[in-house]
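Listed here are the chains, written in short residue letters.
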Amino acid sequence: MRAFLRSIVTVAALASPAWGQPAVTPRPNPAPRDRIEIEWRFGGEARRTREAEIVAVFEVENVACIPSDPGAALGGVRLRPIHSVRVASAPPTDGVLHATIWADAFAASDPFGLGLCRWRLADVRLTFRSPHHAVPFVASTGPEPNGRSGPLEWWYLEADFRRPPPAPITAVFGEGPGFYPPKEATFALRATIRRRRTGAAP
């Protein structure tokens, strides 16, 4: 339950701007070079998934370029702007989904006159659905989790995929290997992340 609640808080924080967060519209990078390629593989009955959405979440890396907000905390605090982008992709085919994301999709800019703000890719969130009900399944990862780019796993209950989970659950978040007891029928979502740098060095 604690892991479930932490997941809710994380997704809510990414989906909504912080209170008093400065509004910043990032400027597209005309020549991105840092390409992230992700392949998701659905196991079990989830291979029937036909509806999936990918959202890339970017944030300002260096908070020194952001003005302090004295109303957000005692003594002021610099609230890091975030920007979410829906990533175009084809529907999953035979239980496999691919997407390409540019980690350096946005160029540095100086919106507050405090120096250049640099954007970084902070999170990639995959939401997929069962053909049986509308409750979404969620998997979230950074571009290079734990400093590596190998396969990742999220585990879900087959029962949750076949029928809506009981209230008040409004989304199903993937758990780590071994979270569910062996007697429970489960399926895995596995991701492989590859990072490639293209073009000439600046």
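Each value, and the rule that gives it
- Residues numbered from 1 in each chain as written.
- Predicted model: local features only at pLDDT ≥ 70, side-chain atom pairs only at ≥ 80, totals over all residues.
- Heavy atoms only, no water.
- Helix = DSSP H or I, 4+ residues; strand = E, 2+ residues; numbered from the N terminus.
- Buried < 20%, exposed > 50% of the residue type's maximum accessible area, 1.4 Å probe, protein only.
- Contact = heavy atoms within 4.5 Å.
- Areas by Shrake-Rupley, 256 points an atom, 1.4 Å probe, with all protein chains shown as cover.
- Polar contact = N/O pair within 3.5 Å; in protein donor to acceptor, adjacent residues only side chain to side chain.
- Pairing = 2+ DSSP bridges.
- Axes fitted to C-alpha atoms, helices over the stretch in contact; angles between N-to-C directions.
- Salt bridge = Lys/Arg side-chain N within 4 Å of Asp/Glu carboxyl O.
- Disulfide = S-S within 2.5 Å.
- Phe/Tyr/Trp six-rings, centres within 6.5 Å; stacked < 30°, edge-to-face > 60°.

> What exactly am I supposed to notice about the overall build of the protein chain here?
Helix and strand content of the protein chain: 2 helices and 11 strands. In sequence order, the secondary structure elements of the protein chain are arranged as α-β-β-β-β-β-β-β-β-β-α-β-β. Each of the 202 residues in the protein chain was classed as buried or not, and the buried ones make up 40%. Taking the contacts inside the protein chain whose residues are at least 6 apart along the sequence as the reference set, 75% of them involve residues at least 24 apart. Summed over all atoms, the accessible surface of the protein chain reaches about 11200 Å², with 55% contributed by carbon and sulfur.

> How should the side chain of Ser-130 be read in this particular structure?
Counting through the fold element by element, Ser-130 comes out in the loop between strand E7 (119–128) and strand E8 (137–141). When its relative accessible area of 7% is taken as the criterion, Ser-130 is described as buried. Of note is the side chain of Ser-130, whose polar atom sits 3.0 Å from the backbone nitrogen of His-132. A polar atom in the side chain of Ser-130 sits 2.6 Å from the backbone oxygen of Phe-161.

> Before we go on, may I ask you to explain the sheet that holds strand E2 (residues 34–42) in this structure?
Two strands in a sheet stick together by hydrogen bonds in their backbones, pointing the same way (parallel) or opposite ways (antiparallel). Strand order in this open sheet of 4 strands is E5-E2-E11-E9, and the pairing throughout is antiparallel. Looking along the sheet, the strands with just one partner apiece sit at the ends: strand E5 (96–102) and strand E9 (152–157). Each neighbouring strand pair of the sheet contributes to a mean axis angle of 20°, computed without reference to strand direction.

> How do you make sense of the pattern of salt bridges when you look at a structure like this?
When the charged atoms of two side chains lie near each other, side chains of opposite charge can form a pair. Within this structure, the stated rule accounts for 12 salt bridges. The closest approach of N and O atoms between Arg-48 and Glu-45, which form a salt bridge, is 3.2 Å. What makes Glu-45 buried here is its relative accessible area of 18%. The partner of Arg-120 in a salt bridge is Glu-59, with the nearest N and O atoms 2.6 Å apart. Of this pair, Arg-120 sits in strand E7 while Glu-59 sits in strand E3 (residues 52–60), placing them 61 residues apart in sequence. Classification of Glu-59 as buried rests on a relative accessible area of 17%.

> Looking at this structure, I do not really get the sheet that holds E3. What am I missing?
A sheet is described by the order of its strands in space; here 5 strands give the open sequence E4-E3-E7-E8-E10, paired in mixed fashion. The strands lining the two open edges of the sheet, one partner per strand, are strand E4 (82–87) and strand E10 (172–173). Two strands pair when backbone bridges link them, and E7 and E8 are joined in this way by 5 bridges, in the antiparallel orientation. Within the sheet, the bridge partner assigned to Phe-128 lies in E8 and is Phe-137.

> How do you make sense of the state of the cysteines when you look at a structure like this?
By definition, a disulfide is the covalent link that joins the sulfur atoms of two cysteine residues. Scanning the entire structure with this criterion turns up 1 disulfide. Note that Cys-65 is cross-linked by a disulfide to Cys-117, the S-S spacing being 1.9 Å. Taking the torsion about the sulfur-sulfur bond, which here is approximately 110°, the covalent link between Cys-65 and Cys-117 counts as right-handed. Taken as a pair, Cys-65 in the loop between E3 and E4 and Cys-117 in the loop between strand E6 (106–107) and E7 lie far apart in primary sequence, 52 residues in all.

> Just checking my understanding: could you explain the packing of aromatic side chains for this structure?
Both the distance between ring centres and the angle between the ring planes are used here to describe each pair of aromatic rings. Going through the model one piece at a time under the given rule, you end up with 11 aromatic pairs. Seen in terms of ring centroids, Phe-128 and Phe-137 are 5.3 Å apart; in terms of plane orientation they differ by 20°. Their pairing is stacked. Both residues of the pair, Phe-128 and Phe-137, count as buried.

These figures capture arrangement, not role.
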